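These are the residues of each chain, in order.
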There are 2 protein chains.
Amino acid sequence: MTLALDAAAQDLLFREARTANTFTDEPVSDEQVQAIYDLVKYGPTAFNQQPLRIVLVRSEEGRERLLQHLAEGNRAKTAAAPLVAILAQDNEFHEELPSQLPHFPQAKDMFFSERSVRESSATLNGALQAAYFIIGVRAAGLAAGPMTGYDPAGLNKEFFADGEHSVLAVVNIGKPGDDAWFDRSPRLAYDQVVTTV
Amino acid sequence: MTLALDAAAQDLLFREARTANTFTDEPVSDEQVQAIYDLVKYGPTAFNQQPLRIVLVRSEEGRERLLQHLAEGNRAKTAAAPLVAILAQDNEFHEELPSQLPHFPQAKDMFFSERSVRESSATLNGALQAAYFIIGVRAAGLAAGPMTGYDPAGLNKEFFADGEHSVLAVVNIGKPGDDAWFDRSPRLAYDQVVTTV
């Protein structure tokens, strides 16, 4: 027992969880998404910047607007998913720092006055939060189907006309359906990934 | 009970877990790191690319080489941490795709022939894996202290002379010590983060 996390939780979040490509038609409620957010919002980000923003695509019109920017191979499964979430980074996250980092509000101007610096930081920290969100979907007993196959410029313009957001991933969410996944692909061995100095 | 994950696991991974700035002197073993890796390696990445590489800094000499590239404010706590892990993306991850994505080995050449494309993809997916790793450290009953305050060019050159890796974060790891953290900072409200279309 090297890990403190119980085996059922290990299975739920990592060992048995899989990226789903098909879903049942059981809906995913706003209450479920709120419960996911209220758990994963505690995951750490640099300067507590929390750049992740989430667009839930619930309307037929919203789904159509999304599908046209997806890679061909991602359309059918996304059309059929109970819920689709667009995960994006807010490149103007620094506006929230005075309220979110009350012990060091000057971080806003000291570190994040340049847009290019904000974008790089928001990509890294938004991706951390995207991973927390995927874990959270699994914590809710649901399967996530994260995708990066889309036209980023088209999707950014379609859903974030302010020019201040960049899509990080699109995630299908629901209960896994028939033949929901491929066989598990291999993973790199410890010695291929970890070295010691 | 909107979440399937049990409350103790929620607390361990998110609700009570905190970024630690001080640690006890209890060592972190290679067996613990292996158990963490063997759990979080299952977290999803695009094309199963798994770009994360981890350097465990265990020697005195390695610690000195690391400290000189850290921001001043990160040095003392990193000098005192039981274990420090440098998390980096391998920009040549595509070399592993034929073995890691056996059902679609041509992805290596179809999508990742350009270095700039590989770098962007490795940043996003490496950051996802960095988040899984932080969750894994917590799953082992340890605290993580992730940092991005360092000279990236200096650190890349110091530890990755091949020019094919880019540091994503440096993470102190151990049991939390005295006064290990600040008061919890606020989190953005659901309505500030999530919108519906």
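Details of the structure are given in the entry above.
Worth saying up front: this structure is predicted, and the values here are computed from it rather than measured.

Caption draft 1: The arrangement of the overall build of chain A in detail. Secondary structure assignment for chain A yields 9 helices and 5 strands. Listing every helix and strand of chain A by position from the N terminus yields α-α-β-α-α-β-α-α-α-β-α-β-α-β. Relative to a compact globule of 197 residues, whose C-alpha radius of gyration would be 16 Å, chain A shows 18 Å and is just as compact. Structurally, chain A occupies a C-alpha span of about 50 × 50 × 35 Å along its principal axes.

Caption draft 2: Representation of the pattern of salt bridges in the model. Inspection of the entire model under this criterion finds 18 salt bridges over all chains. Between Glu92(B) and Arg115(B) there is a salt bridge, with its nearest N and O atoms 3.3 Å apart. Of this pair, Glu92(B) sits in the loop between strand 2 (83-90) and helix 5 (97-100) while Arg115(B) is found in helix 7 (residues 115-139), placing the two residues 23 residues apart along the sequence. The exposure class of Glu92(B) is buried, given its relative accessible area of 15%. Of the charged contacts, one joins Glu95(B) and Lys108(B) as a salt bridge, the two residues approaching to 3.3 Å between their closest N and O atoms. With Glu95(B) in the loop between strand 2 and helix 5 and Lys108(B) in helix 6 (residues 107-111), the pair connects residues that are 13 residues apart, well separated along the chain. Overall, Glu95(B) belongs to the partly exposed group, its relative accessible area being 45%. In this structure, a network of salt bridges that share partners links the residues Glu92(A), Arg115(A), Arg118(A) and Glu119(A).

Caption draft 3: Region of the structure containing the sheet that holds strand 5 (residues 194-196) of chain B. Taken in spatial order, the 5 strands of this open sheet run 3(A)-4(A)-2(A)-1(A)-5(B), and their pairing is mixed. For this open sheet the edge positions go to strand 3 (143-147) of chain A together with strand 5 of chain B, each flanked by a neighbour on one side alone. For this sheet the average axis-to-axis angle between neighbouring strands, irrespective of direction, equals 25°. Where strand 1 (residues 52-57) of chain A meets strand 5 of chain B, 3 bridges bridge the pair, whose relative direction is parallel. Bridging across to strand 5 of chain B, Leu56(A) finds its partner in Thr196(B). Across the sheet, helix 4 (residues 72-80) of chain A is in contact with strand 2 (83-90), strand 3 and strand 4 (165-174) of chain A; its angle to strand 3 of chain A comes to roughly 150°.

Caption draft 4: Geometry of the interface of chain B and chain A. Contacts between the two partners involve 76 residues from chain B, matched on the other side by 76 residues from chain A. If you look at where chain B meets chain A, you find 0 salt bridges. Our count for the contact surface shared by chain B and chain A stands at 32 residue pairs in polar contact (both at pLDDT 80 or more). The set of elements that each furnish at least two residues to the side of chain B that touches chain A consists of helix 1 (7-15), helix 2 (30-40), strand 1 (52-57), helix 5, helix 7, helix 9 (190-193) and strand 5 of chain B. Here the residues of the side of chain B that touches chain A sort into 44 nonpolar, 20 polar and 12 charged.

Caption draft 5: View of the relation of the copies chain B and chain A. Superposition record for chain B on chain A: RMSD 0.0 Å, screw rotation 180°, translation along axis 0.0 Å. Within this description, the copies of the chain are treated as partners about a two-fold rotation axis.

What counts, and at which threshold
Residues numbered from 1 in each chain as written. Chains lettered and ligands numbered in written order. Predicted model: local features only at pLDDT ≥ 70, side-chain atom pairs only at ≥ 80, totals over all residues. Heavy atoms only, no water. Helix = DSSP H or I, 4+ residues; strand = E, 2+ residues; numbered from the N terminus. Rg over C-alpha atoms; globule rule 2.2 N^0.38 Å. Salt bridge = Lys/Arg side-chain N within 4 Å of Asp/Glu carboxyl O. Buried < 20%, exposed > 50% of the residue type's maximum accessible area, 1.4 Å probe, protein only. Pairing = 2+ DSSP bridges. Axes fitted to C-alpha atoms, helices over the stretch in contact; angles between N-to-C directions. Contact = heavy atoms within 4.5 Å. Polar contact = N/O pair within 3.5 Å; in protein donor to acceptor, adjacent residues only side chain to side chain. Nonpolar A, V, L, I, M, F, W, Y, C, P; charged D, E, K, R; others polar. Least-squares fit on C-alpha atoms with pLDDT ≥ 70 in both.

Treat this as a map of the structure, not an account of what it does.
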